[in-house]
Amino acid sequence: MDLSLSTRTVGDRTVVEVGGEIDVYTAPKLREQLVELVNDGNFHLVVDMEGVDFLDSTGLGVLVGGLKRVRAHEGSLRLVCNQERILKIFRITGLTKVFPIHTSVEEAVAATD
Amino acid sequence: MATVELRFSALPEHVRTARLVAAAVARRAGVDEAVLDEVRLAVGEACSRAVGLHQTAGIAEPVRVALIEEEKQFSIEVGDEAPRSVPGDRASQGGADTDVEAEEDEMGLAVISGLVDDVEVTAGEHGGLIRMTWPTTPPGVALT
């Protein structure tokens, strides 16, 4: 199972739909995608993780890197995830305090700080 | 000897193979189904870390994974051959890149220690070893 990525625009947000496995091999592809989006001026990102089967610390590192990039432009990076096994990884690393995690893309898109 | 041994070139694309093999052997050994996701993640973290250490140090030797079925427990050992005088002192050796790698390395270890109750991390001049152990349910014993 490889990584699949697709992006779409919803209002002023860019939704990145991620599917498959995010690990040490595939994480660079996600990093490239996030860097490209930010370089193109997309500073409000919603990363939809509902199709993700596996996430490791390399993937977490890429998401944190993405967050740093959008914050440099006063942007935001929100996650959509309902899968317990993926949420657990955010919890044990303390990243639930760093990322706003939503239960649906609609909720993430509508959210403001 | 270990129940199953695996040696793979220190390349990121092989880490997934190690995860799949480890999970398959763990299942056979009687590790609870609910814990298999944790086994998969922990062994992936340990292998990713070993691959990173080999690549950083330019080591051509393979990464070693031993899957060991014992009475009432199942252990996984992931060994690297990256020498260090003191565990975790790589950060003091170089510039910003080394710092970032050391940070990622620590994140991997943080995930492992958050997931696995029984884990030992050792490192010396000949490399490092992460040993993780899970309890198993012997066949025929009812889960109540």
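Given the structure is predicted, the values throughout are model-derived calculations rather than measurements.

**Side note on the pairing of strand E3 (residues 73-79) of chain B**
All names here are of chain B. Sheet topology places strand E2 (residues 63-70) next to E3; seven bridges connect them, and they run antiparallel. Paired with Arg-64 across the two strands is Gly-79, which belongs to E3. Count of turn residues in the E2/E3 antiparallel hairpin: two residues, of which Lys-72 carries a positive phi of about 65 degrees. Relative to strand E5 (residues 127-135), E3 is paired through seven bridges, and the arrangement is antiparallel. Counterpart to Val-78 in the pairing with E5 is Ile-130.

**Concerning the confidence of the model for chain B**
The share of residues in chain B with pLDDT of 70 or more is 81%, and the mean pLDDT across the chain is 87. Predicted as a complex, the structure gets a pTM of 0.87 and an ipTM equal to 0.88.

**A look at the nonpolar core**
Residues Val-47 of chain A together with Ala-22, Val-43, Cys-47 and Val-65 of chain B are the most contacted members of the largest nonpolar core, which totals 63 residues. Ranked by residue count, the leading element in this core is helix H2 (residues 33-57) of chain B, at nine residues. Dropping the residues within four chain positions of it, Val-43 of chain B is found in contact with Ala-18, Arg-19, Ala-22, Ile-76 and Val-78 of chain B.

**Observations concerning the UniProt feature "domain: STAS" (unreviewed entry) in chain A**
Per the UniProt record, the feature "domain: STAS" (unreviewed entry) sits at residues 3-112 of chain A. Structurally, residues 3-112 of chain A comprises 39% helix and 33% strand, and the distance from its first C-alpha atom to its last is 29 Å.

**As for unusual backbone geometry**
Of all residues except glycine, most have a negative phi; of all peptide bonds, most are trans. Notably, Glu-74 of chain A is not glycine yet its phi reads approximately 55 degrees, a positive angle. Along the chain, Glu-74 of chain A turns up in the loop between helix H2 (57-71) and strand E4 (76-80). The backbone phi angle of Lys-72 of chain B is positive, close to 65 degrees, even though this residue is not glycine. Position of Lys-72 of chain B among the secondary structure elements: in the loop between E2 and E3. On the neighbour-count criterion, Lys-72 of chain B (9 C-beta atoms within 10 Å) is exposed.

**A short note on the sheet that holds strand E1 (residues 4-8) of chain B**
Residues and elements named next belong to chain B. With antiparallel pairing, five strands are arranged side by side in an open sheet as E1-E2-E3-E5-E4. Strand pairing shows two members of the sheet lacking a second neighbour, E1 and strand E4 (118-124), which therefore form its edges. Between one strand axis and the next, the sheet turns through 10 degrees on average, direction left out of account. Sheet contacts for helix H1 (residues 15-29): E1, E2 and E3; angle to E1, the most-contacted strand, approximately 175 degrees.

**Here we look at the packing of H1 of chain B against H2 of chain B**
Residues and elements named next belong to chain B. Following both chains from N to C, one finds H1 and H2 inclined at 145 degrees, their axes separated by 9 Å at the closest point. Where H1 crosses over H2, the two elements pack in a sense that is right-handed. Counting all contacts with H1, which are made through Val-15, Ala-18, Arg-19, Ala-22, Ala-23, Ala-26 and Arg-27, the residues of H2 involved are Leu-36, Val-39, Arg-40, Val-43, Gly-44, Cys-47, Ser-48 and Val-51.

**Thoughts on the interface of chain A and chain B**
Reports of interface size often rely on the accessible area that becomes lost once the parts have come together. In this complex, chain A contributes 13 residues to the contact, which on the side of chain B involves 17 residues. Looking at the side of chain A that touches chain B, the elements that each hand over two or more residues are H2 and helix H3 (84-92) of chain A. Tallying contributions element by element places H2 of chain A first for the side of chain A that touches chain B, with four residues. Residue composition of the side of chain A that touches chain B, grouped by class: five nonpolar, four polar and four charged.

What counts as what
- Residues numbered from 1 in each chain as written.
- Chains lettered and ligands numbered in written order.
- Predicted model: local features only at pLDDT ≥ 70, side-chain atom pairs only at ≥ 80, totals over all residues.
- Pairing = 2+ DSSP bridges.
- Helix = DSSP H or I, 4+ residues; strand = E, 2+ residues; numbered from the N terminus.
- pLDDT = per-residue confidence, 0-100.
- Core = buried A, V, L, I, M, F, W, Y, C linked by C-beta atoms within 7 Å.
- Buried ≥ 20, exposed ≤ 12 C-beta atoms within 10 Å, placed from the backbone.
- Contact = placed C-beta atoms within 7 Å.
- UniProt positions renumbered as here; feature names shortened; annotations may be inferred.
- Axes fitted to C-alpha atoms, helices over the stretch in contact; angles between N-to-C directions.
- Left-handed = near helix turned anticlockwise from the far one by under 90°.
- Nonpolar A, V, L, I, M, F, W, Y, C, P; charged D, E, K, R; others polar.

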